[in-house]
2 protein chains.
Amino acid sequence: MTPHDIPAYMDHLGVAARAAATAMASAGTRVKNDALSALARLLREAGEPLAAANAKDIAAAEAAGLAAPMVDRLRLTPKVIATVAEGCEQLAAMPDPVGEITGVKRRPTGISVGQMRVPLGVFGMIYESRPNVTIEAASLAIKSGNACILRGGSEAIHSNLALWQLVQRALSEAGLPPEAVQLVETTDRAAVGRLIAMPEYVDVIIPRGGKGLIARISAEAKVPVIKHLDGNCHVYVDAEVDIAQALVVTDNAKTQKYSPCNAAESLLVHAASAPAFLPQIGAIFAAKGVEMRCDSAAKAILAAVPGARLADATEADWAEEYLAPIVSVKVVQGLDEAIAHINRYGSHHTDAILTTNHPNAMRFLREVDSASVMVNASTRFADGFEYGLGAEIGISTDKFHARGPVGLEGLTSMKWVVLGQGEIRG
Amino acid sequence: MTPHDIPAYMDHLGVAARAAATAMASAGTRVKNDALSALARLLREAGEPLAAANAKDIAAAEAAGLAAPMVDRLRLTPKVIATVAEGCEQLAAMPDPVGEITGVKRRPTGISVGQMRVPLGVFGMIYESRPNVTIEAASLAIKSGNACILRGGSEAIHSNLALWQLVQRALSEAGLPPEAVQLVETTDRAAVGRLIAMPEYVDVIIPRGGKGLIARISAEAKVPVIKHLDGNCHVYVDAEVDIAQALVVTDNAKTQKYSPCNAAESLLVHAASAPAFLPQIGAIFAAKGVEMRCDSAAKAILAAVPGARLADATEADWAEEYLAPIVSVKVVQGLDEAIAHINRYGSHHTDAILTTNHPNAMRFLREVDSASVMVNASTRFADGFEYGLGAEIGISTDKFHARGPVGLEGLTSMKWVVLGQGEIRG
């Protein structure tokens with residue numbers, strides 16, 4: 001089917017995905033693992049044809065004057081290919097989440113009631129630039145027993161098509177339907193509009209990309225969306241704290257990388273720790289060129305730090321995700337104020353308390369309303385791989401269904417299973 | 001605040017609910033159980049004022065010419081009051097789902113990662129007629145640590161207001177914010193439109209009522225909706241089966257009550273069992289006046305049953321939820337056909353296989369894409385109380401988040417918890 005008539009083309013993909021989803025849901029663990037192993041092998045053997053397809057995208061991007069970091073994201077270097085191939089093998093080695101029956105309890109009526117983990121069905125994935133996401137999404141779909149419809153960025157279309165061919169070969173080799181992973185072959189934007197509005201074929205949409213793209217998709221989708229818009233992550237340094245440890249963790253959370261959504265954007269410091277802690281972290285930030293946007297109390301202390309780049313924080317700063325060498329800094333009077341501030345200005349992504357006080361640690365974990373809450377660890381750990389999920393299809397800051405890094409389990413749901421011996425309701 | 005300016009009034013409820021939700025999320029188990037015990041006591045002691053409020057609704061309903069069964073649904077009889085009071089005490093006796101940390105694993109980096117169960121926040125409940133739902137929803141909110149905004153039917157407004165006063169007193173007695181449970185005090189329909197479209201205050205909507213109401217709410221809601229539209233439940237009688245047991249279970253699934261969503265609406269019988277099973281179940285259905293809408297093979301067998309009310313099934317019959325003494329009947333050639341038929345025409349609510357063949361039972365459990373799948377048990381068991389959830393806020397036929405009967409756990413979500421000793425990301 002040619003993708004000229006977009007609604008008909010998308011319906012065609014939807015029907016094929018729904019049929020493939022049924023086959024995937026009942027596929028055995030070994031068959032799914034065989035497909036993943038085959039995909040790893042095919043990626044490693046891909047060589048020239050894949051490189052040529054990727055070169056086309058790179059040339060087009062350079063001709064179009066894309067910035068160098070954007071062009072770099074497109075590159076399927078031998079290292080990138082090795083990493084995604086390894087990812088497929090890691091998924092193959094993981095336990096199969098599907099089919100597991102848990103929590104079976106005998107009821108007074110005689111029936112036994114439990115829950116079975118099953119695939120969601122069909123997910124749609126919408127992403128930009130990096131072509132390796134094609135393999136990540138495909139491999140998670142295969143292992144979780146779902147079908148998927150992938151819509152990559154137009155700038156990576158040749159790379160994505162070449163990678164998709166490998167996925168289809170791997171599925172066929174293992175005896176699975178190649179339609180389990182479909183790629184939208186047109187770069188027409190109308191295809192996205194249709195993909196997010198066909199609940200009869202697609203159970204959930206996972207967008208990855210800029211905030212604008214994700215906000216638009218969330219507003220217009222007719223199916224659930226697994227997403228996050230912002231990562232305004234906080235580090236709160238409590239009154240009782242190991243200052244040396246707090247310096248290392250705060251530095252890592254802010255400066256190890258500026259662009260990820262789990263990097264810290266806001267630093268809250270208890271008034272009792274501020275005189276000891278702020279000048280030292282201020283010196284570290286000053287040395288790395290990190291601008292500090294401060295409330296008056298923090299500024300008064302940090303003013304003494306040589307070379308510190310200080311500014312007055314505005315109301316907007318407390319809610320800002322900088323993704324840059326900028327941090328907002330505030331002195332708070334206690335845990336209550338810290339928690340209230342985070343719940344008000346945060347983005348429910350990831351927040352950490354640095355403390356030696358156990359009750360405070362437990363209150364922070366319970367009362368901060370974020371997808372990931374941490375004690376004495378860097379916010380940069382909020383990641384599917386770091387959490388042991390094997391891989392990550394996305395991160396959710398919503399509370400419904402999956403929260404935080406979403407791996408295989410987030411692509412499944414639990415249905416009720418009742419085992420009887422002829423019981424009836426009285 | 002008077003409910004004349006609906007948007008302002010609903011915003012006011014929303015702000016109060018959000019603040020109460022924070023308090024409820026950190027409330028201790030004993031305090032929440034105290035509120036539930038107080039509510040049970042206040043319900044039992046309510047006496048004349050509650051009876052008078054209920055009498056007002058009954059009189060208005062009778063004056064308006066409501067049908068007798070509809071009027072009966074409004075009645076807060078001593079038995080209804082005793083049942084809801086008992087329900088509160090049963091919830092108090094259940095384990096607190098909130099705060100539990102599970103699945104903690106040490107990662108190679110040194111951090112420990114697990115998940116903590118926390119309340120969703122604020123739910124909105126929209127329901128018709130039965131005022132006891134006010135207490136069911138309030139008590140589930142209290143135990144699960146959520147706040148809720150309740151919108152009952154206009155025909156039960158006086159009963160609901162009286163019950164809500166008891167809820168607020170119980171909350172206050174236990175030291176919890178009375179705003180944790182709010183009732184929309186106006187019967188203006190614009191309030192519903194606003195309630196389902198304020199994601200800043202309401203995390204999820206749970207509608208209970210007619211299919212039309214639920215479809216409209218689902219289409220217009222700007223937040224997730226926990227709902228089911230249809231219960232087109234199937235019983236499939238396999239080739240290898242205990243016929244005597246299958247008769248008892250099939251009869252119970254269809255005729256124990258016709259109106260619940262978990263009653264069977266469609267009977268599939270393997271061709272090998274049909275000659276022995278169909279005449280006997282046909283005789284039972286004939287004796288109870290159940291009309292059978294058949295495919296040609298079933299009709300040929302059932303034609304011999306004296307007094308059987310038979311009709312030819314149309315395509316529409318396979319998808320129909322009758323909620324009446326009518327059943328569709330089809331002879332199938334095997335398990336594959338049965339599963340395909342259920343997944344095509346069913347409503348993903350509850351379906352049962354009656355079989356002595358273990359591999360077939362397991363395939364049915366895995367491959368039928370419904371919220372509840374059963375082996376050798378009546379579909380009528382698909383119910384929160386029967387499943388041991390303590391109570392049920394609703395039933396979901398969607399796959400996202402909670403599936404099937406939704407109890408306390410369905411009103412919670414899992415956040416990630418990371419416990420470290422100063423670990424940083426390398």
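Residues numbered from 1 in each chain as written. Chains lettered and ligands numbered in written order. Predicted model: local features only at pLDDT ≥ 70, side-chain atom pairs only at ≥ 80, totals over all residues. Heavy atoms only, no water.

**Quick look at the pairing of strand β13 (residues 372-377) of chain B**
Among the 6 residues that make up β13 of chain B, 6 are buried, leaving the element largely enclosed by the rest of the structure. With helix α15 (residues 358-367) of chain B bridging strand β12 (residues 350-354) of chain B and the parallel β13 of chain B, this β-α-β connection has right-handed handedness. (Buried < 20%, exposed > 50% of the residue type's maximum accessible area, 1.4 Å probe, protein only. Helix = DSSP H or I, 4+ residues; strand = E, 2+ residues; numbered from the N terminus. Right-handed = clockwise from strand over helix to strand, strands pointing away.)

**Considering helix α3 (residues 48-63) of chain B**
Residues and elements named next belong to chain B. Compared with the 22 Å implied by 1.5 Å per residue over 16 residues, the 22 Å span of α3 between its first and last C-alpha is a close match. Those residues of α3 lying buried are Leu 50, Ala 53, Asn 54, Asp 57, Ile 58 and Ala 61. End-on, the buried residues of α3 take up no more than an arc of 140°, which puts them together on one face. Among the exposed residues of α3, those pointing more than 90 degrees away from its buried face are Glu 48, Pro 49, Lys 56 and Ala 63. Looking at the residues trailing α3, positive phi occurs at Gly 65, about 75°. (Expected span 1.5 Å × (residues − 1). Arc of directions from axis to C-beta.)

**Focus: the sheet that holds strand β8 (residues 264-270) of chain A**
With mixed pairing, the 10 strands of this open sheet are ordered in space as β10(A)-β9(A)-β11(A)-β8(A)-β7(A)-β12(A)-β13(A)-β16(B)-β2(B)-β1(B). Either end of the sheet is taken by a strand with one partner, and the two such strands are β10 (310-312) of chain A together with β1 (101-106) of chain B. With direction set aside, neighbouring strand axes in the sheet form an average angle of 25°. Here strand β2 (residues 112-119) of chain B pairs with strand β16 (residues 412-423) of chain B via 8 bridges, running antiparallel. Looking at the pairing, Gln 115 of chain B lines up with Trp 416 of chain B of β16 of chain B. (Pairing = 2+ DSSP bridges. Axes fitted to C-alpha atoms, helices over the stretch in contact; angles between N-to-C directions.)

**Looking at the relation of the copies chain A and chain B**
Overlaying chain A on chain B yields an RMSD of 0.0 Å, the required transformation being a rotation through 180° with an accompanying axial translation of 0.0 Å. One copy is carried onto the other by what is essentially a two-fold rotation axis. Among all C-alpha atoms of chain A, that of His 401 of chain A lies closest to the rotation axis, at 1.9 Å. Same-surface contact between copies: 100% of interface residues of chain A are shared with the interface of chain B. (Least-squares fit on C-alpha atoms with pLDDT ≥ 70 in both. Contact = heavy atoms within 4.5 Å.)

**What about the interface of chain A and chain B?**
Interface size is commonly expressed as the accessible surface area that is lost when the partners come together. Contact with chain A, which involves 67 residues of that partner, is made by 67 residues of chain B. Carbon and sulfur atoms supply 57% of the area that chain A and chain B bury against each other, a total of about 5,600 Å² over both sides. Among the residues of chain A in contact with chain B, Phe 400, Trp 416 and Arg 425 of chain A are the three that bury the most area, contributing 17% of the side total. At the junction of chain A with chain B, the criterion picks out 2 salt bridges. Here Glu 386 of chain B makes a salt bridge to Arg 425 of chain A, at a shortest N to O gap of 3.2 Å. Looking at the side of chain A that touches chain B, the elements that each hand over two or more residues are β2 (112-119), α10 (243-255), α15 (358-367), β13 (372-377), β15 (404-406) and β16 (412-423) of chain A. At 11 residues, the largest contribution of residues to the side of chain A that touches chain B is made by β16 of chain A. In terms of residue class, the side of chain A that touches chain B is made up of 35 nonpolar, 20 polar and 12 charged. (Buried area = accessible area lost by both parts, 1.4 Å probe. Salt bridge = Lys/Arg side-chain N within 4 Å of Asp/Glu carboxyl O. Nonpolar A, V, L, I, M, F, W, Y, C, P; charged D, E, K, R; others polar.)

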